[in-house]
Amino acid sequence: MFCLMSLPLPPDLESAVATGDISTVLGAALAHFGCQAGTVHLLRDGVLKLVAHKNIPPPVVQIVETVPIGKGIAGLAAQRLEPITICNLQTDTSGQAKPGAKITGMEGTVAVPMMVEGKLRGVIGIGKATAYDWPVAETDLLMRVGGALAALLPRE
């Protein structure tokens, strides 16, 4: 059976992951995907804890410091163990995002679970300032980045 996780990462993302630094990887992911804002949450004591963020307004940081599984975009990605995408966060009426998420000003958003050996370790989320339909190839790549990073981090 073919496994996406076995595919090599693009060099820019591979070198960022090799540092083992969460903020470095988040910054590289933002640059690679042309995004302006992002977060990384790690699973701790059954909830998602914010460990890194870029260009997230302070009121939103306070809201997303701890995210319950199943709540908001990150919580849904953790619950479903699959990417959650929103083409335009500013006009979205699906109920997937928390109301405060609009404060970010982002439109095209995606959150993916960070999986290691079939187990959830966290969630990485990124967003564009414009509406964007995330192709499967890009969400798969972001999942590979998250999994590669999570594999380097100490277990809970």
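Quick note: structure is the one above.
**Remarks on unusual backbone geometry**
At D45, a position not held by glycine, the phi torsion is positive, near 55°. With respect to the helices and strands, D45 occurs in the loop between β1 (37-44) and β2 (47-54). Here the phi dihedral of N55 falls at roughly 55°; this positive angle occurs in a residue that is not glycine. Here N55 is to be found in the loop between β2 and α3 (58-64).

**What about helix α1 (residues 11-19)?**
Listed in full, the buried residues belonging to α1 are L13, A16 and V17. Buried positions in α1, seen along its axis, are confined to an arc of 100° and lie on one side of it. For α1, the exposed residues lying more than 90 degrees away from the buried face are P11 and A18. The elements touched by buried residues of α1 are α2 (22-33) and α5 (136-152).

**Examining the sheet that holds β1**
Strand order in the open sheet made by the 6 strands is β3-β2-β1-β6-β5-β4, with antiparallel pairing throughout. Only two strands of the sheet have a single neighbouring strand rather than two, namely β3 (66-68) and β4 (84-86). Pairs of neighbouring strands in the sheet enclose a mean axial angle of 25°, with direction left out of account. Sheet topology places strand β5 (residues 108-116) next to strand β6 (residues 119-128); 9 bridges connect them, and they run antiparallel. Residue pairing for β6: V116 is matched across the bridge by K119. Against the sheet, helix α4 (residues 72-80) contacts β1, β2, β3, β4, β5 and β6, and its axis sits at roughly 40° relative to β5. With respect to the sheet, α5 is in contact with β4, β5 and β6, its orientation differing from that of β5 by roughly 40°.

**Focus on the packing of aromatic side chains**
For the coordinates displayed, the defined rule picks out 2 aromatic pairs. A ring pair is formed by Y132 and W134, whose centres lie 4.9 Å apart and whose planes are at 85°; its orientation type is edge-to-face. For W134, a relative accessible area of 10% corresponds to the buried category. Lying across the ring of Y132, K128 places its NZ or CZ 4.5 Å from the centre.

Conventions and cut-offs
- Residues numbered from 1 in each chain as written.
- Predicted model: local features only at pLDDT ≥ 70, side-chain atom pairs only at ≥ 80, totals over all residues.
- Heavy atoms only, no water.
- Helix = DSSP H or I, 4+ residues; strand = E, 2+ residues; numbered from the N terminus.
- Buried < 20%, exposed > 50% of the residue type's maximum accessible area, 1.4 Å probe, protein only.
- Arc of directions from axis to C-beta.
- Contact = heavy atoms within 4.5 Å.
- Pairing = 2+ DSSP bridges.
- Axes fitted to C-alpha atoms, helices over the stretch in contact; angles between N-to-C directions.
- Phe/Tyr/Trp six-rings, centres within 6.5 Å; stacked < 30°, edge-to-face > 60°.
- Lys NZ or Arg CZ within 6 Å of the ring centre and 35° of its normal.

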